[in-house]
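# Report on the structure
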Amino acid sequence: MIPIVSRITEETLKVVPNSIREAAHSLGIPKWKITLFIVLKTAMSGILTGIVLSIARIAGETAPLIMTILGTSLFFSSFTGPVDALPLRIWRLASQPYESANAQGWGAALVLIMIVLILNVVLRLLSQRKNISIKNY
């Protein structure tokens, strides 16, 4: 997830017009304040979009987990112990012949979709709030 987010962040920061930076420089604002308060606020929606894309990509990439390491089959027991990946748990439950296991697999798939949906909605709301505050100034 880190390479995707860092690359999208870099490209989004490059898209911010130089005229905004030059206008801030002409007002005598220090470079670190320009970067932090002007450039990052302008590019925030693109950065948040990159985060959403990387989360969605990670949530859906089950094949590398299955084909490379086969994951762990341990359920969550503590924050310091091993934990099973949710996409891998869905695959294991779906491949079992028991109807109750299939129902649990569908439930786990719903949980995964809801996690991605909630993160997407929260980040979109944050993005809209930032855009509204920029337009007022």
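## Describing the overall build of the chain
From N to C terminus, the chain includes 6 helices and 0 strands. When the helices and strands of the chain are listed from N to C terminus, the series reads α-α-α-α-α-α. Scored against the burial criterion, the 137 residues of the chain give a buried share of 23%. For the chain, the share of sequence-separated contacts (at least 6 apart) that also reach a separation of at least 24 residues comes to 51%. Counting every atom, the chain has about 9800 Å² of accessible surface; 69% of that belongs to carbon and sulfur.

## Concerning the nonpolar core
Residues V16, A24, I34, V39, A43 and I47 constitute the largest nonpolar core, which totals 6 residues. Per element, the largest residue contribution to this core is 4 residues, and it comes from helix α3 (residues 31-60). With sequence-adjacent residues up to four places away left out, A24 is seen in contact with I29, I34 and I38.

## Remarks on the pattern of salt bridges
A complete count under the given rule lists 4 salt bridges for this structure. R7 is the partner of E11 in a salt bridge, and the nearest nitrogen-oxygen pair spans 3.2 Å. You can see E11 and its partner R7 sitting in helix α1 (residues 2-15), 4 residues apart, about one turn around the helix. With a closest N to O distance of 3.8 Å, K14 and E11 form a salt bridge. Here the residue K14 and the residue E11 both occupy positions in helix α1, the gap between them amounting to 3 residues, near one helical turn. On the basis of relative accessible area, K14 is assigned to the exposed category, the value being 54%.

## A word on a nonpolar patch on the surface
Nonpolar side chains collect at one region of the surface, where L110, M114, L117, I118, V121, V122, L125 and L126 lie side by side and expose about 700 Å² of accessible area between them. Looking at the element boundaries, M114 is found in helix α6 (residues 99-136).

## Comments concerning the side chain of S54
Mapped onto the elements of the fold, S54 is located in helix α3. Since its relative accessible area comes to 1%, S54 is described here as buried. Dropping the residues within four chain positions of it, S54 is found in contact with M1, I4 and V5.

## A word on the environment of P87
Tracing the backbone shows P87 in helix α5 (residues 86-94). Residue P87 is classed as buried on the basis of its relative accessible area of 11%. In the structure, P87 is positioned 21 residues away from A108 in sequence and 8.2 Å away in space, judged by C-alpha atoms.

## Notes on the environment of T42
Tracing the sequence through the fold places T42 in helix α3. For the pair T42 and I20, spaced 22 residues apart in sequence, the C-alpha separation works out to 9.5 Å. Among the polar contacts listed, one links the side chain of T42 to the backbone oxygen of I38, at a separation of 2.7 Å.

## Quick look at the confidence of the model for the chain
Confidence along the chain averages 79 in pLDDT terms, with 79% of residues attaining 70 or more. At the level of individual helices and strands, the chain shows its lowest average pLDDT in helix α4 (residues 63-69), which scores 61, and its highest in helix α2 (residues 18-26), which scores 90. Taken as a whole, residues 132-137 scores under 50 in pLDDT and shows 2 contacts with residues more than four places along the chain or in a different chain.

Cut-offs and rules
Residues numbered from 1 in each chain as written. Predicted model: local features only at pLDDT ≥ 70, side-chain atom pairs only at ≥ 80, totals over all residues. Heavy atoms only, no water. Helix = DSSP H or I, 4+ residues; strand = E, 2+ residues; numbered from the N terminus. Buried < 20%, exposed > 50% of the residue type's maximum accessible area, 1.4 Å probe, protein only. Contact = heavy atoms within 4.5 Å. Areas by Shrake-Rupley, 256 points an atom, 1.4 Å probe, with all protein chains shown as cover. Core = buried A, V, L, I, M, F, W, Y, C linked by side-chain atoms within 4.5 Å. Salt bridge = Lys/Arg side-chain N within 4 Å of Asp/Glu carboxyl O. Patch = residues over 30% accessible without salt bridge, like charges linked within 9 Å, V, L, I, M, F, W, Y side chains within 5 Å. Polar contact = N/O pair within 3.5 Å; in protein donor to acceptor, adjacent residues only side chain to side chain. pLDDT = per-residue confidence, 0-100.

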